[in-house]
Amino acid sequence: MLFKKISFLLISLSFFLVSCGGGGGGTAASGGYGSGASGSSGSSGSSGSSCASDYCITVVSTASGNKYAVNGTTQGAITITAGQTKTFDLSDSSLTSHPFALSKRADGRNAGTVVSADTLGASDGVTTASNVLTIVSSSSTSTPLYYYCSSHPGMGGTITVSGGTSTGYEVPGKVQPIDT
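Every value quoted in this text rests on a predicted model; they were computed, and no experiment measured them.

What counts, and at which threshold
Residues numbered from 1 in each chain as written. Predicted model: local features only at pLDDT ≥ 70, side-chain atom pairs only at ≥ 80, totals over all residues. Heavy atoms only, no water. Buried < 20%, exposed > 50% of the residue type's maximum accessible area, 1.4 Å probe, protein only. Helix = DSSP H or I, 4+ residues; strand = E, 2+ residues; numbered from the N terminus. Pairing = 2+ DSSP bridges. Core = buried A, V, L, I, M, F, W, Y, C linked by side-chain atoms within 4.5 Å. Contact = heavy atoms within 4.5 Å. Axes fitted to C-alpha atoms, helices over the stretch in contact; angles between N-to-C directions. Salt bridge = Lys/Arg side-chain N within 4 Å of Asp/Glu carboxyl O. Polar contact = N/O pair within 3.5 Å; in protein donor to acceptor, adjacent residues only side chain to side chain.

(A) Molecular detail of the pairing of strand S4 (residues 78-81). Side chains Ile78 and Ile80 project from S4 onto a buried face, and the interleaved Thr79 and Thr81 project onto a face without burial. Pairing between S4 and strand S12 (residues 157-162): 4 bridges, direction parallel. Paired with isoleucine 80 across the strands is valine 161, a residue of S12.

(B) Region of interest: the nonpolar core. Ranked by internal contacts, the top residues of the largest apolar core, which has 23 residues, are Ile57, Tyr68, Phe88, Phe100 and Leu102. At the level of secondary structure, the elements contributing two or more residues to this core comprise strand S1 (55-62), strand S2 (65-70), S4, strand S6 (100-103), strand S10 (132-136), strand S11 (145-149) and S12. Ignoring sequence-local partners within four residues, the contact set of isoleucine 57 consists of Tyr68, Ala69, Val70, Phe88, Asp89, Leu90, Asp92, Leu95 and Phe100.

(C) Molecular detail of the environment of valine 126. Position of valine 126 among the secondary structure elements: in strand S9 (residues 126-129). You can call valine 126 buried: its relative accessible area is 7%. For the pair valine 126 and valine 136, spaced 10 residues apart in sequence, the C-alpha to C-alpha distance is 6.5 Å. Apart from residues lying up to four places away in sequence, valine 126 is in contact with Leu102, Leu120, Gly121, Leu133, Thr134 and Ile135.

(D) Highlighting the environment of serine 162. Within the element layout of this structure, serine 162 appears in strand S12. In this structure, the C-alpha to C-alpha distance between serine 162 and glycine 83, residues 79 residues apart in sequence, is 9.5 Å.

(E) Representation of the sheet that holds S4. If you walk across this open sheet you meet the 4 strands as S4-S12-S11-S6, and the pairing is mixed. Every interior strand has two partners, whereas the edge strands, S4 and S6, have only one. Pairwise comparison of adjacent strand axes, ignoring direction, gives a mean angle of 25° for this sheet.

(F) Focus on the pattern of salt bridges. Scanning the model with the defined rule gives 3 salt bridges in all. Here lysine 104 and aspartate 124 are joined by a salt bridge, their closest N and O atoms 3.8 Å apart. One end of the pair, lysine 104, is in the loop between S6 and strand S7 (109-110); the other, aspartate 124, is in the loop between strand S8 (113-114) and S9, and 20 residues separate them in sequence. Note on lysine 104: relative accessible area 41%, which makes it partly exposed.

(G) Spatial organisation of the side chain of serine 137. Here serine 137 shows up in the loop between S10 and S11. Serine 137 sits in the buried class, given a relative accessible area of 4%. A distance of 3.1 Å separates a polar side-chain atom of serine 137 from the backbone oxygen of threonine 81. A polar contact of 2.9 Å, which involves the side chain of serine 137, links it to the backbone oxygen of glutamine 84.

Remember that the coordinates give geometry; whether it matters functionally is a separate question.
Have a look at this one:
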C-alpha cells in the first residue's frame, strides 16, 4: 500500500515537472534567459557571459519577429528615477545586426524612417563605450523614452523616467515649510 502511494506521488510529480517545463532556463532564442535566472541580471542570454549592468539586452525571436529582451523579458518596460545613472549591456552576440538606441519618439521612427534628431546622444546624458550604453537621467529628461533597433522597426519598448519633464514633477532645490 505504501509503495503504491509513493509511486503515485512520484508519477504525479514527474507529470507536474514536465508540464511546467521542468524549471530549466533555456536560451535567448527560446525566450529563456541562459541560466534560468529570468528577470535577473545574472546572464546575458545567448552568449552565456555574465552581465554587470542594470539592463542586459539581447535579441529574441518571437512569432511576430525579432524583439529586444531586457533582463530576459521580451520588450520589457523600464522605469528609472530622475537623477539615476543606468547602464545597458550591449555585448550579447545576438545584437550584432540590431543596433540598440534610445529615442524621444516611439520606435525611433516617423512613418517608418528613423528620426535622428530624436535619438538620444551625449547632450542628453547618453554615452556608449565598450558595449555599455549609459544614461544619466535628470528632472529635465523627457519621458517617456523608447529603446529601439535603428535597423529594424518593432523591436523595442518603453522607458519611463519617474520625475522626468512630462510628468509635471520637478525635483525641488529646497523644500519650504508650510506655515499654519
